[in-house]
Structure formats: C-alpha cells, structure tokens
Number of protein chains: 2
Amino acid sequence: MSFSTSEENYLKAIFKIAERKGVPVSTNAIAKELHTSAASVTDMLQKLAEKQLVQYRKYRGVELTSDGKEVATQLIRKHRLWESFLVEKLGFSWDEVHDIAEQLEHIDSPLLVNRLDAFLDFPKFDPHGDPIPDRNGKFTLRSQIPLHQLSSGEVGIVIAVQNHEKGYLTLLDELDIQIGTSIRLIETFDFDNSLKIEVSDSREHLISDHISKNIYVRKV
Amino acid sequence: MSFSTSEENYLKAIFKIAERKGVPVSTNAIAKELHTSAASVTDMLQKLAEKQLVQYRKYRGVELTSDGKEVATQLIRKHRLWESFLVEKLGFSWDEVHDIAEQLEHIDSPLLVNRLDAFLDFPKFDPHGDPIPDRNGKFTLRSQIPLHQLSSGEVGIVIAVQNHEKGYLTLLDELDIQIGTSIRLIETFDFDNSLKIEVSDSREHLISDHISKNIYVRKV
DNA sequence: AAGAATATTTAGATTTACCTAAAAAAAAAT
DNA sequence: ATTTTTTTTTAGGTAAATCTAAATATTCTT
C-alpha cells in the first residue's frame, strides 16, 4: 500500500509528537507541527483512522497503530539517510539539508532506500546525531541527556540536536557547536535557566534555556 | 516561480513531443503521452497559457514559450542526472531507473542539482545515451542516426535508445545490446522493415522495425 | 458545580487535477 | 462540396486537501 505525501506527513508528525510528549497526541499539537488548521487535522485523522493507520477517539486524541508506526519509521529512515547523503557525499552543511530531505523522504522506492543505505555504509546516526532506523525499523539507542542536566563542571560531547530549523543550526554554528563538540557546564542560573558553558576547552558562552534544551550530550 | 508536479509533467511532455514531431503539439498527442484524457489536457493548456509557459491557440495546438522551455530543460537535466546517479553510484541497471528518476526530477532545489552534477563529474550523457543539459540548459549534440539508416555491411556503436520502457530495455539486454555495443547491419528486409544484424562481432539476430527504430548509433 | 476558557469537530467553501458526455471545430473521404 | 470521421473544447461533476466560521465538547477556574 502507498500513501499521499500529506498522509505521510501527518503520520510522521504524530510519531514525532508521541516521542516527545507521549500518547495520545492532540489535534492542536498536530496542527501546530504541520502549520495547518485544527479542522484540517480532524479531517485527516478520520481518514487515517479508516485506513487503520491511527486509533482515533473523538475529542480524545490519536495514537499510531503498528501499521502507522511502520510507515512513520520508514519515512524517518528515508529522511535521515538522505540527510546523511547530502552531507557526506554532496558536501552540504547540517543546516542546509532538512528542507531538501523533507522532499526526498517521499520518494517511493524501497530498493532505492536500501541501495542508498549500502552506498553510505549503513550509517547508524544522521548528521544531527539522530539514530537512523535500519530496514526493519530498529533504532540504535544511545544514552543521551539534555545539556542542562549536566552538573556544574561536568563535560559532555554533543551527540544530537532536536531542533532542525535552519536559524537554530546556524546559531549553533556561530557558537562553534556541532556534533562531537565537547561542552563543559560552568554554571546554571536558576533565575531564567540560562547556562554558562565552555565550548571545546576554549570559548565561554552564556546560552538561553531556549538554546540549551535542544542540545543532547553524552557525559564523558 | 515554482510549479506543481502536474504542470511540470505537461511541460516536459510538450517538450519531448515537439522534439520528435515538431510544433505545434496537439492535445491528443499530450493526452496519449501522459495517459490522460484530452479534456484534462485542454484544461491544463489553458492554465499554462495564463502563466505564459505555452503559446496556445484553440484547436491549433500548443508550443512552449522560452519560459516553458527553460522549465522543461531543467526537468530533463534533473531526470538524466538522477538516472546517472542511480546507475553510476547505486548500481542500478538502465532498465530500472526511469520510474525512480520520474519522481526525483520534481525535487525542487537548484543547489542540489548542481552539487549532484559535480558529484557525478559533470556527465554529458545519461545511461541511455541521451545528452544531459548543463546548468544553462545547453545540450551537447552528437551525430546519431537510427540503426536502420546504416547501409548493409556498415557498423555502428549504440549511443542512445529513445524508448525507456522497462520491457523494451530488458529485451535489449537479452539481445546483448547496450550503450557502446557495436552492431553491424547485415541485411534489410523491405517487406516489413526488419533487420538482420550482428551484435558485438558474434551473435546474429533478426529484429523487428519496432525494436530497431528506437536504437541510435554513430557510424564507425 | 457553574461559568469561562480552550480544544475539537462540523458545516460549508475553495482549489487543483482529474473524469465523462455532449457540443463544436477541423480534417479526411467520398 | 458535402458528408463522415476525428479532434478538440465545453459543461458539469468528483476527490483530495485545504480553509474560515459556527457549533459542541472538554477542561480550567473560582
């Protein structure tokens, strides 16, 4: 079975929100994620429910069925493989690839995906540090914590960022923060949750809660 | 400006028919090429005319404007670059790539196209031997003649095939005919325009007019 | 627990790209 | 030069995905 680009985008959005906030996923949360109206979301949820891709209860929100999860996972696999391709093979930087991958993920050819996977040497993580599901949909898990959960003095290596907006990633570039960068937490200000950090044993920055909460590190 | 997948497909179809049969291009020819109804074609032609992509005269057929040609050429460029990528980098064979490239050609990112071009080392011809327009839309021309225009005894090198249907290409594979294969014309039967040929100085075949007319060679 | 605020669904339209059937124009045949 | 055939257009409709406004359900507040 195969699905429209729009249906696929809804399934992926539901998957991502469920990952962040748990189930059930609300109509409004989906509308916000996809920059569309709540009314449109309701329409689509009813359609996806008929196709057995989601379990939907009026006014109560929605949850992916195993079929729905399968579709979402394959989309995420395609998105992250294409992002890896763009960065590794075509020389794009991590802040340029999201929108292009957003288009490429809807290309329908399982053979292409698997050939691409092999061509890239079966990468486990994409350029933003997010795990790439294998052809069976299995994610490689990695112990990661949000930057602000480090204690003062502790050092972490950046392994993922959860916000892929171009502006956010460009900002990180200016702070010299990339996947693999080491960051030492100097001090936390409870007042506004801002953090003083030291990047790569050299530059010190004061960063807002808004910036730090999307950076994930592995303690070293 | 950017166009829907459907609009793009119409522009490409008009371009290809004009190449084969000249202008103006008829409504029915487009309907046949796109497997759609004549009525749908008329609708779309009126829309494309409003956008200044075609010059359209009721009942008289249609012709691309320079804007329309530009869009069509860039699509062909993308299609052929992606086909080259699929064959050269991912190990597909020439009879598997058309449908996938048909999807990939609608990905909208000029930067991506040019990076892909560079990654492939600026190829001049695709796996079917067709010229790939450069970023300015210029095609490299090559003196090619249809196989049946060889005289008896003459030898040609296959440089292009004009039909990209999977079944046709698979048939050519079985005859050991690929880009670069040398073919000697032994004899032409005027009765049904079938040809007796010798492939790669070894195998002899009798091929129908239907097969031969899509094979283009360069005399040696 | 009632009223206010928020979230969600329904109703009714719009746009795009398609369709079939009927009408009209152009081309071919006698 | 009519008539017949073919091609093309118009008319009217459908399905997908969206929208705004109104109605209804749920949750929050006091």
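Each remark here, short or long, concerns the structure printed above.
Residues numbered from 1 in each chain as written. Chains lettered and ligands numbered in written order. Predicted model: local features only at pLDDT ≥ 70, side-chain atom pairs only at ≥ 80, totals over all residues. Heavy atoms only, no water.

### Some thoughts on the interface of chain A and chain B
With 20 residues of chain A in contact, the opposing surface of chain B contributes 20 residues. For the pair chain A and chain B, the two sides together bury roughly 1,600 Å², of which 73% comes from carbon and sulfur. Counting the surface chain A buries against chain B, the share from its top three residues, Leu90, Gln103 and Arg115 of chain A, is 30%. The interface formed by chain A and chain B holds zero salt bridges in total. Among the elements of the structure, helix H4 (66-88), helix H5 (98-104) and helix H6 (110-119) of chain A are those that each provide at least two residues to the side of chain A that touches chain B. For the side of chain A that touches chain B, the per-class residue count stands at twelve nonpolar, four polar and four charged. (Contact = heavy atoms within 4.5 Å. Buried area = accessible area lost by both parts, 1.4 Å probe. Salt bridge = Lys/Arg side-chain N within 4 Å of Asp/Glu carboxyl O. Helix = DSSP H or I, 4+ residues; strand = E, 2+ residues; numbered from the N terminus. Nonpolar A, V, L, I, M, F, W, Y, C, P; charged D, E, K, R; others polar.)

### Section: the relation of the copies chain A and chain B
Expressed as a screw transformation, the operator carrying chain A onto chain B has a rotation angle of 180 degrees and an axial translation of 0.0 Å, and the superposed copies differ by an RMSD of 0.1 Å. Such a combination of rotation and displacement between the chain copies is what one expects of a two-fold axis. Proximity to the rotation axis, assessed at the C-alpha, singles out Leu104 of chain A in chain A; its C-alpha lies 3.8 Å from the axis. When you check the interface residues of chain A against chain B, 100% turn up at the interface there too, and the contact is symmetric in its surfaces. (Least-squares fit on C-alpha atoms with pLDDT ≥ 70 in both.)

### Notes on the pattern of salt bridges
Applying the stated criterion to the full structure yields 20 salt bridges over all chains. We note a salt bridge from Lys219 of chain B to Glu154 of chain B, for which the minimum N-O separation is 3.6 Å. With Lys219 of chain B in strand S8 (residues 215-219) and Glu154 of chain B in the loop between strand S3 (145-146) and strand S4 (155-161), this residue pair connects regions lying 65 residues apart in the sequence. We classify Lys219 of chain B as partly exposed; its relative accessible area is 47%. With a relative accessible area of 24%, Glu154 of chain B lands in the partly exposed category. Connected via shared salt-bridge partners are Glu7, Lys47 and Lys51 of chain A. (Buried < 20%, exposed > 50% of the residue type's maximum accessible area, 1.4 Å probe, protein only.)

### Focus: helix H3 (residues 38-50) of chain A
All names here are of chain A. The terminal C-alpha atoms of H3, which comprises 13 residues, lie 19 Å apart, in line with the 18 Å expected from a rise of 1.5 Å per residue. Of all the residues in H3, the buried ones are Val41, Met44, Leu45 and Leu48. Each buried residue of H3 sits inside an arc of 110 degrees when the element is viewed along its axis, so together they form one side. For H3, the exposed residues set more than 90 degrees away from the buried face come down to Ala39, Asp43 and Glu50. Downstream of H3 by one or two residues, Gln52 has phi in the positive range, about 65 degrees. (Expected span 1.5 Å × (residues − 1). Arc of directions from axis to C-beta.)

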